[in-house]
Amino acid sequence: MKVIEVPDYTELSKRAAEIINDRVQSARAFNLGLATGATMLGVYRHLIKDFLENGTSYRHVYTFNLDEYVGLGREHPNSYHYYMNKNLFHHLDIPEDHIYIPDGTAENLEEECLEYESNIQRMGGIDLQLLGIGRNGHIGFNEPGTSFQSRTHVVELDKSTRMANARYFKDLSDVPTHAITMGIATIMECKQIVLLASGVEKAEVLDSLIHGEIDESIPASVLKRHADVTIIADSEALKVTKEREGFILYDQ
Ligand code: PGA
């Protein structure tokens, strides 16, 4: 794992967008794995700015999102499909049929998961996957205890995850209890992974990821087994790690 420290969220967003831009510009076809959450908003703003200013086209790009709430359709303002349209897709030239997001309103959720997984395989796998990290170490909606062998599946959300996301809903009781998420094995098959962490509330979990054991209790820890992971973290998110004696930053 390569760890890049940046001073703040603005720089974090810029660095991540640069990595994506480079890959999108140099590829003839590109499968991009995307994430939602507050951390990603700055990256998406940079990608839109670059599209407007430099005309970087997404016509050859296919996207696969990590997860979606069960029960929320694409028109629901709290669905991840809505978030992606609003914060990214509607501002780019990506064709609508290049966008893959699990359908949380599918009648048969198990079938939807299998289909999602087979769409990723059929398209040749994900070239670059953007990841956030939950305070409990989740990646996608793979909560602590999820098997490292898991593929796209339905999960019951942790109370802590529902509480963290309640700020987007009227009330905690409105936060869906279940979601569809790419599995950990699915994520591990992505060719390149870029994980972003910003803010002091991620400092403990980021330190466990960097220094802790590989264990299913911290889903993100599996990333240590991946050959091409870059963590971009701001100084606040690295606060606990940097307080450790002998901490070596792998890359600046
Ligand atoms: P956040 O979410 O960017 O809103 O902190 C990250 C996550 O839960 O994966």
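Residues numbered from 1 in each chain as written. Predicted model: local features only at pLDDT ≥ 70, side-chain atom pairs only at ≥ 80, totals over all residues. Heavy atoms only, no water.

Participant: How would you sum up the sheet that holds strand β7 (residues 153–156)? Please name residues and give values.
Facilitator: The antiparallel open sheet is built from three strands, whose spatial order is β4-β8-β7. The outermost strands of the open sheet, each flanked by one partner alone, are β4 (67–69) and β7. The mean angle between the axes of side-by-side strands here comes to 25°, regardless of whether they run parallel or antiparallel. When β4 meets strand β8 (residues 178–181), the two strands line up antiparallel, connected through three bridges. Each bridged residue has a counterpart across the sheet, and for Glu68 the counterpart in β8 is Ile180. Along the sheet, helix α4 (residues 109–122) contacts β7 and β8; its crossing angle with β7, the most-contacted strand, is approximately 125°. (Pairing = 2+ DSSP bridges. Helix = DSSP H or I, 4+ residues; strand = E, 2+ residues; numbered from the N terminus. Axes fitted to C-alpha atoms, helices over the stretch in contact; angles between N-to-C directions. Contact = heavy atoms within 4.5 Å.)

Participant: Describe the site of the ligand, listing the residues and the values that go with them.
Facilitator: All residues in the neighbourhood of the ligand are listed as Gly37, Ala38, Thr39, Gly132, Ile133, Gly134, His138, Arg167 and Lys202. Between the ligand and the protein, one listed contact pairs an oxygen atom with a side-chain N or O atom of Lys202 at 2.6 Å. Summarising the interface, the protein chains cover 79% of the accessible area of the ligand, which totals 280 Å² for the free molecule. Across the shell around the ligand, the residue classes break down as two nonpolar, five polar and two charged. (Near = heavy atom within 4 Å. Polar contact = N/O pair within 3.5 Å; in protein donor to acceptor, adjacent residues only side chain to side chain. Areas by Shrake-Rupley, 256 points an atom, 1.4 Å probe, with all protein chains shown as cover. Nonpolar A, V, L, I, M, F, W, Y, C, P; charged D, E, K, R; others polar.)

Participant: Break down the packing of helix α1 (residues 9–26) against helix α2 (residues 41–54) for me, citing the residues and quoting the values.
Facilitator: The description of two helices packed together rests on the angle between their axes and the distance between the axes. Contact pair α1 / α2: the axes reach a minimum separation of 8 Å and the direction vectors enclose 50°. The angle between α1 and α2 places the two elements in the oblique class. Where α1 crosses over α2, the two elements pack in a sense that is right-handed. Counted together, Tyr9, Thr10, Ser13, Lys14, Ala16, Ala17, Ile20, Asn21 and Gln25 of α1 and Leu41, Gly42, Val43, Arg45, His46, Leu47 and Asp50 of α2 form the full contact between these two elements. When grouped by side-chain class, the residues that make up the contact of α1 with α2 number seven nonpolar, six polar and three charged. (Parallel < 35°, antiparallel > 145°, perpendicular 65-115°, else oblique. Left-handed = near helix turned anticlockwise from the far one by under 90°.)

Participant: Residues and numbers for the sheet that holds strand β2 (residues 30–34), please.
Facilitator: Think of a sheet as strands paired side by side through backbone hydrogen bonds, with each pair either parallel or antiparallel. An order of β1-β10-β9-β6-β2-β3-β5 is seen for the seven strands of this open sheet, with the pairing classed as parallel. Two strands close off the open sheet at either side, each with one partner strand: β1 (2–6) and β5 (99–100). Of the pairings in the sheet, the one linking strand β9 (residues 192–197) to strand β10 (residues 229–234) comprises five bridges and is parallel in character. Paired with Ile193 across the bridge in β10 is Val229. Sheet strands in contact with helix α7 (residues 203–211) are β1, β9 and β10, and its direction is about 150° off that of β10.

Remember that the coordinates give geometry; whether it matters functionally is a separate question.
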